[in-house]
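Chains, contacts and geometry: an overview
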Amino acid sequence: MKIESDNQHTLLDYDKSLTLIGQGRSAYVFRIKQTGKAMKVFFPEYMYIAEEEAEIYKVVQEITYYPTLYDAGSNYLVIDYIEGTTLFDCLTNGIPISQEVVRDIDIALQLAKQEGLNPSDVHLRNILITSDLQVKIIDVARFRQTKDCNQWHDLKKAFYCYYEKRYFPKKIPEFMLNGIAMLYKKNLLK
């Protein structure tokens, strides 16, 4: 894989056995063709996160709400490829989110806490619903932070106070959700 060392981490080339499926703040994510696995390759300045996230995946390895970790190196992870729809996509496309999904997310986070973790950075793009309505949580790199993160608590509160109301729109414009996410990134919502 070749990445241009500019501020945007421009992807120049990658192996043909991979399919690019996403880019986050710290890594590119690829599906490994002909397998049910994904590879997360970290940008050079975020390589330290690869080890941290691998260690966290090892802690939650037996919890079905999280992907299985297959391999890890100094700048990459190989985990289950999760075929599903993020909560973000559910909201922007008007796909209903059920109380069962919210309860399953709570259970997943409680199970991580029971393992001594502090789930942080749990947001709409890190939670997937599979075709058989199973919840999967990805991107666990910040599950050892010591500060309290209210993102999931706030999302759950909004679900019960607003989303469940008959009159509340089930389809929300992407720019609104991105605006709220930006407020969290800038620590303007805590």
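Here, the structure is the one placed above.
Residues numbered from 1 in each chain as written. Predicted model: local features only at pLDDT ≥ 70, side-chain atom pairs only at ≥ 80, totals over all residues. Heavy atoms only, no water.

Points about the layout of surface pockets
Inclusion rule: Cavity and pocket criteria rest on a 1 Å grid covering protein atoms alone: a 1.4 Å probe that fits but cannot get out defines a cavity, protein on both sides within 12 Å along at least 5 of 7 lines defines an open pocket, and an atom within 4 Å of a point defines a lining residue. Grid points are joined across faces, edges and corners, and a volume is the space filled by probe spheres set on the points.
Considering only enclosed or pocket space, the second largest pocket measures out at about 240 Å³ in volume. Looking at the second largest pocket, the residues that line it are Asp106, Leu109, Gln110, Lys113, Asn118, Pro119, Val122, Asp148, Cys149, Trp152, His153 and Lys156.

Digging into the pairing of strand 6 (residues 69–72)
Note the following rule: Strands were regarded as paired on the criterion that DSSP finds at least two bridges between them. Counting from the N terminus, the helices are DSSP H or I runs at least four residues long and the strands are E runs at least two residues long.
Across three bridges, strand 6 lies against strand 7 (residues 76–80) in antiparallel orientation. By the bridge assignment for strand 7, Ala72 is matched with Leu77. Hairpin connection of strand 6 to strand 7: three residues between the antiparallel strands.

Section: the sheet that holds strand 8 (residues 84–86)
Formally: Helix axes are fitted to C-alpha atoms over the stretch in contact, other axes to C-alpha atoms as well, and angles between N-to-C directions run from 0 to 180 degrees. Should any heavy atoms of two residues lie within 4.5 Å, those residues are considered in contact.
Taking strand neighbours across the sheet as the criterion, the three strands line up as 8-9-10 in an open arrangement whose pairing is antiparallel. Every other strand in the sheet has two partners, leaving strand 8 and strand 10 (135–137) as the edge strands with one partner each. Going across the sheet, the axis of each strand differs from the next one's by a mean of 35 degrees, ignoring polarity. For strand 9 (residues 127–130) and strand 10, the ladder comprises three bridges, and the chain directions are antiparallel. Pairing of Leu128 across the sheet is with Lys136, part of strand 10. Against the sheet, helix 3 (residues 99–114) contacts strand 9 and strand 10, and its axis sits at roughly 40 degrees relative to strand 10.

Some details on unusual backbone geometry
Here the phi dihedral of Leu133 falls at roughly 65 degrees; this positive angle occurs in a residue that is not glycine. Following the sequence through the fold, Leu133 ends up in the loop between strand 9 and strand 10. Here Asp139, not a glycine, exhibits a phi torsion of approximately 60 degrees, which is positive. Turning to its location among the elements, Asp139 is positioned in the loop between strand 10 and helix 4 (151–163).

Topic: the sheet that holds strand 5 (residues 37–42)
Read across the open sheet, the five strands follow the order 3-4-5-7-6; overall the sheet is antiparallel. The open sheet has two edge strands, strand 3 (18–23) and strand 6, and neither has a second partner. Each strand axis lies, on average, 25 degrees off the axis of its neighbour in the sheet, ignoring direction. Relative to strand 4 (residues 27–32), strand 3 runs antiparallel, the two being bridged by five bridges. For Gly22, the partnering residue across the bridge sits in strand 4 and is Val29.

Some words on the pattern of salt bridges
Where we set the bar: Any carboxyl oxygen of Asp or Glu within 4 Å of a side-chain nitrogen of Lys or Arg constitutes a salt bridge here. Classification of residues uses two cut-offs on accessible area relative to the type maximum, computed with a 1.4 Å probe and protein chains only: under 20% is buried, over 50% is exposed, and between them is partly exposed.
Following the criterion strictly, the structure yields nine salt bridges and no others. When the shortest N-O distance is used, the salt bridge between Glu83 and Arg31 registers 3.7 Å. A residue pair is termed long-range when its members are at least 10 positions apart, and Glu83 in the loop between strand 7 and strand 8 and Arg31 in strand 4 qualify at 52 residues. Residue Glu53 is joined to Lys40 by a salt bridge in which the shortest nitrogen-to-oxygen separation is 2.9 Å. With Glu53 in helix 1 (residues 47–59) and Lys40 in strand 5, this residue pair connects regions lying 13 residues apart in the sequence. As far as burial versus exposure is concerned, Glu53 and Lys40 are alike and both buried. Counted as one network, the salt bridges with shared partners bring together Arg25, Asp121 and Arg142.

A closer look at a nonpolar patch on the surface
Inclusion rule: A patch is a set of surface residues, each over 30% in relative accessible area and not in a salt bridge, joined within 9 Å for like charges and within 5 Å for the nonpolar side chains Val, Leu, Ile, Met, Phe, Trp and Tyr. Each accessible area is a Shrake-Rupley result for a 1.4 Å probe, and residues are judged covered by the shown protein chains and nothing else.
Together, Ile180, Leu183, Leu188 and Leu189 line one region of the surface with nonpolar side chains, adding up to about 340 Å² of accessible area. Mapped onto the secondary structure, Ile180 falls in helix 5 (residues 174–185). When its relative accessible area of 42% is taken as the criterion, Ile180 is described as partly exposed.

Shape descriptors only; they carry no functional weight alone.
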